[in-house]
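Chain and residue survey
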Amino acid sequence: MTLVMKFGGTSVGNATAIRETAELIRQAKTEWHELVVVASAMGSRPEKVTDLLLRGAQTAVTGDDETYRQVAAQLRHIHQTAIHELLIDGVEKEEVLAENGRFLTRFESLCQAVHVLGELTPRALDAISGMGEQMSVRILAAYLRQQGVAAQAVDATQLIVTDANFQDAAPLMESTRERVQAQLRPLLDQNIIPIVTGFIGATAEGIPTTLGRGGSDYSAAILGYALPAREVWIWTDVDGVMTADPRLVPDARSIPMLSYREVSELAYYGARVLHPKTMRPCVAHGIPLRIKNTFNPEHPGTVIVETAVNGNGGVKAVTAITDVSLITIEGKGMIGVPGIAARAFGAVARTNVSVLLISQASSEQSICFVTPSHAADRVITSLSEEFAVELHRQDIDSIWAQQDVAIITAVGAGMRGTPGIAGRIFSALGTQQVNIIAIAQGSSECSISLVVDGKDTITAVRYIHQLIQT
Ligand code: ASP
Ligand code: MG
């Protein structure tokens, strides 16, 4: 039976964390026949390696040829410190130092090229930002070997075949499955643990890509699908998925079990637990995903499965997305006119902005939707152009944005078919004088989202949280 375990940036953030991670890997290998490890770039403090790499590239393109050199020095320091603290002097250590050095030399020359050309393409960004994982897996694999655990660093550019949508590449599952069988199988058969880079892949032609920020979770799920694995474990720095953000709700607690659907909804609505696409490959084979805390390994964390127990027919978790704006298109001339919504969302799509929530009253006098605040002006401009004629004729009276609102979402599959949940949520907010500006419930009935004034965020989250039963 095969287990895939993914370790996030904090789990490989420095020598101490890498030692603990290696110990977890050693233990898991005693319990599982086959083990595949996926690791992120070092989540060093105060700045993560991936952020540093991106900063180097982004400053280079603006004509600054100082910052990326400083960043390279900082990255050298971070990685060399870990290597010196972990590895004993010898050939292995020299090799890891040399390999890491080569990546950083390459980072500097790529940034220099960006600086000279004054152009930073998504393709170049992917080549640059994926190096953190390539460095971290080499350190972790070498340390494991030194501890007597057979391990080998593997670049996912050899395994995960993607399309050429740089920065947010999608895996091509069939080609990936073939590569994984061809490359990982032989290692597993020799009892070697592959330590695979998270986050990155490559096109069929071998051009490096990335799966999007936070994409290492997704990498683990893709490998879990391709092997296939019995389970995928995501090791992070919290005790699983929480009922709410503990910074907003001090008595937030870990949820023992969730369904794929509930987690997708949570991830979409702002719970920073998993990369939102992580569930997809797991759903295909019904592979359970487990979220565990590297710093509290005894805690069972959260397990995510096909159908979870329904949490007493109610709300299981509540999230908030802030820094969003509510855009409203309003007018009496919209009643019964087909195509207004299609044109509106066409105009939004042209601005490349994603819509987080949509709501339309059945009177059809207004359509409203939520977008990130930074994009609101662009969206309004595009809509005003699209509806110039209707605005002139006053079929549409106005298109406007209410800044600084928040989307509060209550999630729980047990809400489906359970009457009264919405009522309880509204009463909870009513007693606190929180005004609800708009409401949306997906027909899956797995979540209810409310738009409230940004200043009411904490109150709304706390009072809905009180409805969660355990
Ligand atoms: N290192 C990448 C990032 O910071 C991927 C990950 O950590 O999941 O976005
Ligand atoms: Mg992450």
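Here, every reference points to the structure presented above.
Here's a quick rundown of the structure.

So, how was this worked out
- Residues numbered from 1 in each chain as written.
- Chains lettered and ligands numbered in written order.
- Predicted model: local features only at pLDDT ≥ 70, side-chain atom pairs only at ≥ 80, totals over all residues.
- Heavy atoms only, no water.
- Helix = DSSP H or I, 4+ residues; strand = E, 2+ residues; numbered from the N terminus.
- Buried < 20%, exposed > 50% of the residue type's maximum accessible area, 1.4 Å probe, protein only.
- Contact = heavy atoms within 4.5 Å.
- Phe/Tyr/Trp six-rings, centres within 6.5 Å; stacked < 30°, edge-to-face > 60°.
- Lys NZ or Arg CZ within 6 Å of the ring centre and 35° of its normal.
- Pairing = 2+ DSSP bridges.
- Near = heavy atom within 4 Å.
- Polar contact = N/O pair within 3.5 Å; in protein donor to acceptor, adjacent residues only side chain to side chain.
- Areas by Shrake-Rupley, 256 points an atom, 1.4 Å probe, with all protein chains shown as cover.
- Axes fitted to C-alpha atoms, helices over the stretch in contact; angles between N-to-C directions.
- Parallel < 35°, antiparallel > 145°, perpendicular 65-115°, else oblique.
- Left-handed = near helix turned anticlockwise from the far one by under 90°.
- Nonpolar A, V, L, I, M, F, W, Y, C, P; charged D, E, K, R; others polar.

A few points about the overall build of the protein chain
- Of regular secondary structure, the protein chain possesses 15 helices and 17 strands.
- Along the first, second and third principal axes, the C-alpha atoms of the protein chain reach 75 × 55 × 40 Å.
- Per-residue burial for the protein chain yields a buried fraction of 53% across its 470 residues.
- Of the contacts made within the protein chain by residues no fewer than 6 positions apart, 75% connect residues no fewer than 24 positions apart.

Some remarks on the packing of aromatic side chains
- By the definition in use, this model includes five aromatic pairs.
- Centre to centre, the rings of Phe7 and Trp235 are 5.9 Å apart; their planes meet at 5°, and the pair counts as stacked. With Phe7 in strand E1 (residues 2-7) and Trp235 in strand E8 (residues 231-236), the pair connects residues that are 228 residues apart, well separated along the chain. Each member of the pair, Phe7 as well as Trp235, carries the same accessibility label: buried.
- Over the aromatic face of Trp233 sits the side chain of Lys292, whose NZ or CZ is 5.8 Å from the ring centroid.

With respect to the sheet that holds strand E7 (residues 208-210)
- On the basis of which strands lie adjacent, the open sheet formed by three strands has the order E4-E6-E7 and mixed pairing. Here the strands that pair on one side only, and so sit at the sheet edges, are strand E4 (161-162) and E7.
- Of the strand pairs in this sheet, strand E6 (residues 200-203) and E7 are connected by three bridges, and their pairing is antiparallel. The residue bridging Ala202 from the neighbouring strand is Pro208, located in E7.

Some words on the site of ligand 1
- In the region of ligand 1, the neighbouring residues are Ser40, Lys48, Thr50, Glu133, Phe199, Arg213, Gly214, Gly215 and Ser216.
- One nitrogen or oxygen atom from the side chain of Arg213 is found 2.6 Å from an oxygen atom belonging to ligand 1.
- If ligand 1 stood free it would expose 260 Å²; the protein chains cover 94% of that surface.

So, the packing of helix H2 (residues 49-60) against helix H5 (residues 122-129)
- At a closest axis distance of 9 Å, the pairing of H2 and H5 adopts a crossing angle of 140°. The angle between H2 and H5 falls in the class oblique. For the pair H2 and H5, the sense of crossing is right-handed. Of the residues in H5, those in contact with Thr50, Leu53, Leu54 and Ala57 of H2 are Leu125, Ile128 and Ser129.
- Across the contact of H2 with H5, the residue classes break down as five nonpolar, two polar and no charged.

Some words on the sheet that holds E1
- Strand order in this open sheet of eight strands is E3-E5-E2-E1-E8-E10-E11-E9, and the pairing throughout is mixed. The strands lining the two open edges of the sheet, one partner per strand, are strand E3 (151-154) and strand E9 (257-259). With direction set aside, neighbouring strand axes in the sheet form an average angle of 20°.
- Two strands pair when backbone bridges link them, and E1 and E8 are joined in this way by five bridges, in the parallel orientation. Pairing of Met5 across the sheet is with Trp233, part of E8.

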